[in-house]
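# Close look at the chain arrangement
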Amino acid sequence: RMPPGSFGWPILGELPSRSISITEHFFNLRKKRGPIFTTKWGSHRIVVVTDYNLIKKAFNHPDIQGRPAFFTFDLFTHFKNAGVIGSHGSVWTENRRFMLRHLRDLGMGKTALEDSIQQEAEMLVDHLDKTCVGKPAVMDVFFNCAVVNIIWQMLASKRYGLNDEVMVRYCTRIEEEMAIFQGPMFLVDVFPWLVKVLPSIILNKVLQAEILYRNRDEIHLMFKQVIDDHMATLDPNNPRDVIDQLLLERAHRDAPDYLTAEDGSELDFKSIMGNMFSAGSETITTTLRWMILYMAINPEIQAKVHKCLDEVVPKDRLPSLNDRNQLQYVDAVLLEVLRVSSLTPISLLHATTADVTFEGYDIPKGTVVLACAEMCHRDPAHWKHPDKFYPEHFLDNEGKLDGKKEGFLPFSIGRRQCLGESLARMELYLFSTAILQRFTIEPPEGVVLSTETDPSQMQHRAPKPYEVVLKRRM
Ligand code: HEM
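Residues numbered from 1 in each chain as written. Predicted model: local features only at pLDDT ≥ 70, side-chain atom pairs only at ≥ 80, totals over all residues.

Our next topic: the nonpolar core. Within soluble globular proteins, side chains that are nonpolar generally end up buried alongside one another. Counting 76 residues, the largest nonpolar core has Val148, Ile292 and Leu334 as the members making the most contacts within it. Of the residues forming this core, the biggest block, eleven residues, is contributed by helix α6 (residues 142-156). In this view, Leu334 contacts Met291, Leu428, Tyr429 and Ser432; residues no more than four positions away in its chain are not counted. The next biggest cluster of nonpolar side chains, apart from the first, holds 39 residues, and it includes Val48, Ala58, Phe186 and Leu409. (Core = buried A, V, L, I, M, F, W, Y, C linked by C-beta atoms within 7 Å. Buried ≥ 20, exposed ≤ 12 C-beta atoms within 10 Å, placed from the backbone. Helix = DSSP H or I, 4+ residues; strand = E, 2+ residues; numbered from the N terminus. Contact = placed C-beta atoms within 7 Å.)

Printed below as a string of structure tokens:
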């Protein structure tokens, strides 16, 4: 009584082809099976949900809040239940609550963070001004550094220069990781028994697991040093950042599975820190790269953004949150970037933590539940021009912003909805407006830029490397 579908070939299941996008693959299956269906990838039974209202219902179901046991999910938590992104049960509830509370205290979505984001945005545009103006240039790792600095400041009251060796190495490691996660490592995720039977040389060298282990250990060592520094300088009456809050909470709590891994190490500290970095840096950086690409491809929309900015923001200061109400067209452009780029086309995978009855179907415990976010973003039932870059999708008849549209779920929905959504929206707005206030973005002469992507990117969709020309506006 599972939703209609097939388990495909023995052992293999119905693996998606890497030559078409995951959304196209599911779109083809939906034509035969309907809006909710079953498939199988290797050892994992998967229920695929393609309709916005069904996704909303599924992701609010209390027993569809687990995560599948994927090698790449669990690697950073040493295969234990820790942190927020990959955890479940009481560890997840407590850690999510903790993180939300302290991100809010630190000003997420409010004006308290604005200064530090503006400082990073200014540093970034100055850097672009010095190095990229007037010639074809790649929007490179400096974007990541500026964004990671925001997370560092919230977590550890630290920031680095854009050229800082530690920072550049850290950002390069994260990019490396994303590429490996989306490469052949997929095989280990879908056939977890491969870890036991593959010769370690294949696992380490061919599938590149050794790079993942090395990066994890290097990043965790960096975190450990920061935690140790904080322990040495903690003033309980004056917590400075998330790490201080974690230290204070740990001192006051008895729950054994909370904020300390079973072996008493700082695993959960490191997992929470790691989650903030992995969820909060590549996502923003890649969306900014998408924004730049869409602006270069749509000069008339970019000109409208420039006009709005020039009418509202004096040239001698950066755009601020106070201007936002008068810059609703700009916000609509950013929401449209999120829709058309569909950064996480299949959101993050959920799993059932008990046998579930859903929409009249039985879904056994341990089944993966997958939401096709991109299919909703391209559904003509929700969007007037699904395949076009059309900011008016997010404006009502009077030109006012309508950001809560049915069919829009870049940050997912329900109980595990992105925990950093307000921070993300604030960063995207402040970075994008700072860049667009200073520059006009154009394709290099004679080049036709494309938004085509590599179809094998399933979890995190980035544009193919491109160059643009920045022209100074002021
Ligand atoms: C453009 C930026 C971003 C996008 C598109 C995005 C998208 C998402 C999506 C699709 C999920 C999966 C939710 C689910 O499992 O149903 C998620 C989860 C999460 N995001 Fe974001 N995110 C962004 C930025 C951020 C930022 C800045 C942070 C904060 C530091 C953050 C922290 C998290 C965390 C901790 C989770 C896991 C939530 C949980 O498992 O309970 N994200 N995000």
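Resuming the write-up.
This paragraph deals with the sheet that holds strand β1 (residues 36-41). Taken in spatial order, the four strands make up an open sheet running β1-β2-β7-β4, and their pairing is mixed. Pairing within the sheet leaves two strands with one partner each, and these edge strands are β1 and β4 (350-351). Sheet analysis places strand β2 (residues 44-49) next to strand β7 (residues 368-371), joined by four bridges and oriented parallel. Of the residues in β7, the one forming a bridge with Val49 is Ala371. (Pairing = 2+ DSSP bridges.)

In this structure's numbering, the residues bearing the UniProt feature "binding site: heme" (unreviewed entry) are Cys418. A tally of 19 C-beta atoms within 10 Å means that Cys418 is categorised as partly exposed. For Cys418, the contacting residues outside a window of four places in its chain are Phe411 and Ser412. (UniProt positions renumbered as here; feature names shortened; annotations may be inferred.)

A few words now on helix α18 (residues 421-438). For α18, which comprises 18 residues, the first-to-last C-alpha distance of 26 Å matches the rise-based estimate of 26 Å (1.5 Å per residue) to within 8%. Judged by how many residues are buried, α18 sits mostly within the fold: 15 of 18 residues are covered. (Expected span 1.5 Å × (residues − 1).)

Within the secondary structure layout, Ile151 lies in helix α6. Of the residues examined, Ile151 has 22 C-beta atoms within 10 Å and is grouped as buried. C-alpha separation for the pair Ile151 and Gln225, spaced 74 residues apart in sequence, amounts to 17 Å. In this structure Ile151 touches Met276, Phe277, Gly280 and Ser281, once residues within four positions along its chain are discounted.

Looking now at the packing of helix α7 (residues 165-181) against helix α11 (residues 209-233). A pair of packed helices can be characterised by two numbers: the angle between their axes and the separation between those axes. The geometry of α7 relative to α11 is characterised by a closest axis approach of 10 Å and an angle of 145° between their N-to-C directions. You can see that α7 and α11 cross each other, and the crossing is left-handed. Between α7 and α11, the contacting residues are Arg173, Glu176, Glu177 and Ile180 on the first element and Ile211, Leu212, Asn215, Glu218 and Ile219 on the second. Per-class residue counts for the contact of α7 with α11 are four nonpolar, one polar and four charged. (Axes fitted to C-alpha atoms, helices over the stretch in contact; angles between N-to-C directions. Left-handed = near helix turned anticlockwise from the far one by under 90°. Nonpolar A, V, L, I, M, F, W, Y, C, P; charged D, E, K, R; others polar.)

In the vicinity of the ligand, 25 residues are found, and the nearest of them are Ala279, Gly280, Ser412, Cys418 and Gly420. Put simply, the parts of the chain that give the shell around the ligand at least two residues each are α13 (267-280), α14 (282-297) and α18. Examining the composition of the shell around the ligand, we find that four residues originate from one element, α13, more than from any other. The residue inventory of the shell around the ligand, partitioned by class, reads 14 nonpolar, nine polar and two charged. (Near = placed C-beta within 6 Å.)

Taken in spatial order, the three strands make up an open sheet running β3-β9-β8, and their pairing is antiparallel. Only two strands of the sheet have a single partner each, and these edge strands are β3 (137-138) and β8 (439-442). Bridging between β3 and strand β9 (residues 467-472) involves two bridges; their strand directions are antiparallel. Bridge pairing in β9 places Val138 opposite Glu467.

All right, on to the pairing of β2 then. Within β2, six of the six residues are buried, leaving the element largely enclosed by the surrounding structure. In β2, alternate side chains face the same way, and those of His44, Ile46 and Val48 on one face and Arg45, Val47 and Val49 on the other are all buried. Where β1 lies against β2, six bridges are found, and the strand directions are antiparallel. For Lys40, the partnering residue across the bridge sits in β2 and is Arg45.

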